[in-house]
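Here is what each chain is made of, one letter per residue.
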Amino acid sequence: MTVDEVRALLQQKDRIDLSFYPTPLQKLERLSESLGVNLYIKREDFSGQSLFGGNKIRKLEYLLGDAKRQGAEYVFTYGATQSNHAMQTAEACRKAGLKPVLYLLAIVEPDEKELRGNLLLDRIFGAEIHIIRQEDGETEAEANDRMFALARQQMEELKRNGHACYDIPKGGASPIGTTGFIGGFAELTQQLTQQEIHADYLFHATGTGGTMAGLVAGRRLLNSDMKIISIDVTCHDESYVPAKTALGNEALAWLGAQQRLTEEDFCVDPGYYLPGYEQPNEGGTEAIRMMAEQEGILLDPVYSGKGFAGLVDYVRTGKALQGSNVVFLHTGGATALFAEREILGDLLL
Ligand SMILES: *Cc1c(COP(=O)(O)O)cnc(C)c1O
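This write-up is about the structure you can find in this document. (Residues numbered from 1 in each chain as written. Predicted model: local features only at pLDDT ≥ 70, side-chain atom pairs only at ≥ 80, totals over all residues. Heavy atoms only, no water.)

## Description of the environment of E73
Within the secondary structure layout, E73 lies in the loop between α3 (56-69) and β3 (74-80). Relative accessible area serves as the criterion here: at 23%, E73 is assigned to the partly exposed category. In this structure the C-alpha to C-alpha distance between E73 and H163, which are 90 residues apart in sequence, comes to 6.3 Å. When neighbours within four sequence positions are excluded, E73 is seen to be in contact with L98, K99, H163 and A164. At 2.8 Å, the side chain of E73 and the side chain of H163 are in polar contact. (Helix = DSSP H or I, 4+ residues; strand = E, 2+ residues; numbered from the N terminus. Buried < 20%, exposed > 50% of the residue type's maximum accessible area, 1.4 Å probe, protein only. Contact = heavy atoms within 4.5 Å. Polar contact = N/O pair within 3.5 Å; in protein donor to acceptor, adjacent residues only side chain to side chain.)

## Quick notes on the site of the ligand
Looking at the ligand, there are 16 residues lining it, with K56, K59, T208, T211 and T331 nearest. N55 places a polar side-chain atom, nitrogen or oxygen, 3.0 Å from an oxygen atom of the ligand. Protein chains bury 99% of the 380 Å² of accessible surface belonging to the ligand in isolation. Taken together, the elements giving at least two residues each to the shell around the ligand come down to α3, β7 (201-206) and α8 (210-222). Looking at the shell around the ligand residue by residue, the classes come out as two nonpolar, 11 polar and three charged. (Near = heavy atom within 4 Å. Areas by Shrake-Rupley, 256 points an atom, 1.4 Å probe, with all protein chains shown as cover. Nonpolar A, V, L, I, M, F, W, Y, C, P; charged D, E, K, R; others polar.)

## With respect to the pattern of salt bridges
Scanning all chains against the criterion turns up 18 salt bridges. The closest approach of N and O atoms between K27 and E29, which form a salt bridge, is 3.9 Å. The exposure class of K27 is partly exposed, given its relative accessible area of 31%. The salt bridge partner of R146 is E135, with a shortest N-O separation of 3.7 Å. Of the two residues, R146 sits in helix α6 (residues 140-160) while E135 sits in the loop between β5 (128-132) and α6, which places them 11 residues apart along the sequence. Here the residues in one salt-bridge network are K42, E44, R58 and E187, joined through shared partners. (Salt bridge = Lys/Arg side-chain N within 4 Å of Asp/Glu carboxyl O.)

## Re the sheet that holds strand β6 (residues 165-167)
Each strand in a sheet pairs with its neighbour through backbone hydrogen bonds, running either in the same direction (parallel) or in the opposite one (antiparallel). Pairing is parallel across the open sheet formed by four strands, whose spatial order is β5-β4-β3-β6. Strands at the two margins of the open sheet, each flanked by one partner only, are β5 and β6. Across the sheet, the mean angle from the axis of one strand to that of its neighbour is 20 degrees, orientation sign disregarded. Where strand β4 (residues 99-105) lies against β5, five bridges are found, and the strand directions are parallel. The residue of β5 that forms the bridge with L105 is I132. (Pairing = 2+ DSSP bridges. Axes fitted to C-alpha atoms, helices over the stretch in contact; angles between N-to-C directions.)

## Here we look at the packing of aromatic side chains
In this structure the tally under the stated criterion is eight aromatic pairs. Each ring, one from Y272 and one from Y314, has its centre 6.5 Å from the other, and the planes form 45 degrees; the classification is tilted. One end of the pair, Y272, is in the loop between β9 (268-269) and α10 (282-295); the other, Y314, is in helix α11 (residues 304-316), and 42 residues separate them in sequence. With respect to burial, Y272 and Y314 carry one shared label: buried. Members of the aromatic cluster, each reached through a chain of ring pairs, are F76, Y78, Y103 and F148. The ring of W254 carries K13 above its face, with NZ or CZ at 4.2 Å from the centroid. Geometry around F181 places R58 over its ring, the cationic atom sitting 5.8 Å from the centre. (Phe/Tyr/Trp six-rings, centres within 6.5 Å; stacked < 30°, edge-to-face > 60°. Lys NZ or Arg CZ within 6 Å of the ring centre and 35° of its normal.)

## Considering the side chain of T179
The topology assignment puts T179 in helix α7 (residues 175-194). For T179, a relative accessible area of 0% translates into the label buried. A polar contact of 2.9 Å, which involves the side chain of T179, links it to the backbone oxygen of P175. When neighbours within four sequence positions are excluded, T179 is seen to be in contact with L10, Y62, A251, W254 and L255.

## Some points on the packing of helix α1 (residues 3-11) against α7
The N-to-C vectors of α1 and α7 enclose an angle of 155 degrees; their axes lie 10 Å apart at closest approach. What the angle tells us is that α1 and α7 run roughly antiparallel. For α1 against α7, the interelement crossing comes out left-handed. On the side of α1, the interface is formed by V3, V6, R7 and L10, while α7 contributes T179, I182, G183, A186, E187, T189 and Q190. Taken together, the residues of the contact of α1 with α7 break down into five nonpolar, four polar and two charged. (Parallel < 35°, antiparallel > 145°, perpendicular 65-115°, else oblique. Left-handed = near helix turned anticlockwise from the far one by under 90°.)

## Remarks on helix α4 (residues 84-96)
Under the 1.5 Å per step criterion, the end-to-end length of α4 is 18 Å for 13 residues, consistent within 8% with the ideal 18 Å. Where α4 is buried, its residues contact α3, β3, β4 and α5 (117-124). Of the residues that open α4, the one with a side-chain oxygen 3.2 Å from the backbone nitrogen of H85 is S83. G97 lies just past α4 and shows a positive phi near 75 degrees. (Expected span 1.5 Å × (residues − 1).)

Next comes the structure, spelled out in structure tokens:
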């Protein structure tokens, strides 16, 4: 398919405008020189209505388009207390005239007397915020299930009283949300063509996997040979790639496309996230400092810093060839730089 053909498929779907696309594609001259590759950055951090956008906005254009079509009044979603997705959902809901309800798991304990980072922004956007804490003897997974059960109860209650609710999974990683990054990949492809660049690699941080599934599905539709390297930011078991293959395929089916993905289409690297989600590491800290000191661009310790650390390591170890054309997808998240100190680690030194 061509970019125009992919766009025609996307245009059949309900979507609301939440941003100023296309996001810029820039060459990073100084880092290109120091790393020995041609390094480009796609600025998904420049999206949304405020300074604090990110990769969830593209997904939300379709998700909230669907919510509006269904006549929803409330939008429910989930994440950690410093969730970028939850904050961007609150932001997008306000633009769309919807009421955001956030269920947030306290993986890092927030100081409720001094809200920080995304949680502060959630408050300013006027979102209804429910913070769920892991109880004694409860695992994180159990606390997570309890969070979903509480939200379901509230949704049922609202529905009984005649209020329509729309439910968005963590990260917006549903087939409809994933569609946003089929469009994102088409947009990137068009920019690369216009700038006469043949990209060998695309690196990005992956979490709930909707961004990855959309990019990989977009690559399939456009028959691109770009290698997509997805740097994991949290611990996933062996069900991750099969689940994201299915997610990409559901998005393709929803669009009415014939093409399908297999697990071999994915390349997920779990080598850069330890010690865990929202826990900083040395590679991430170095990557954030490199990008800040050599290009004046801010990454974050939870996602984009670890994603870029993966890219830097691939180049240094020759896994990505010297002289190749490498694109880094900046997925946003810099609000984490104003979050709790546990998330920042050595950046404070
Ligand atoms: C959510 C997020 C990601 C991961 O995107 P998924 O679609 O959840 O995999 C990467 N970077 C940032 C900054 C994010 O907020």
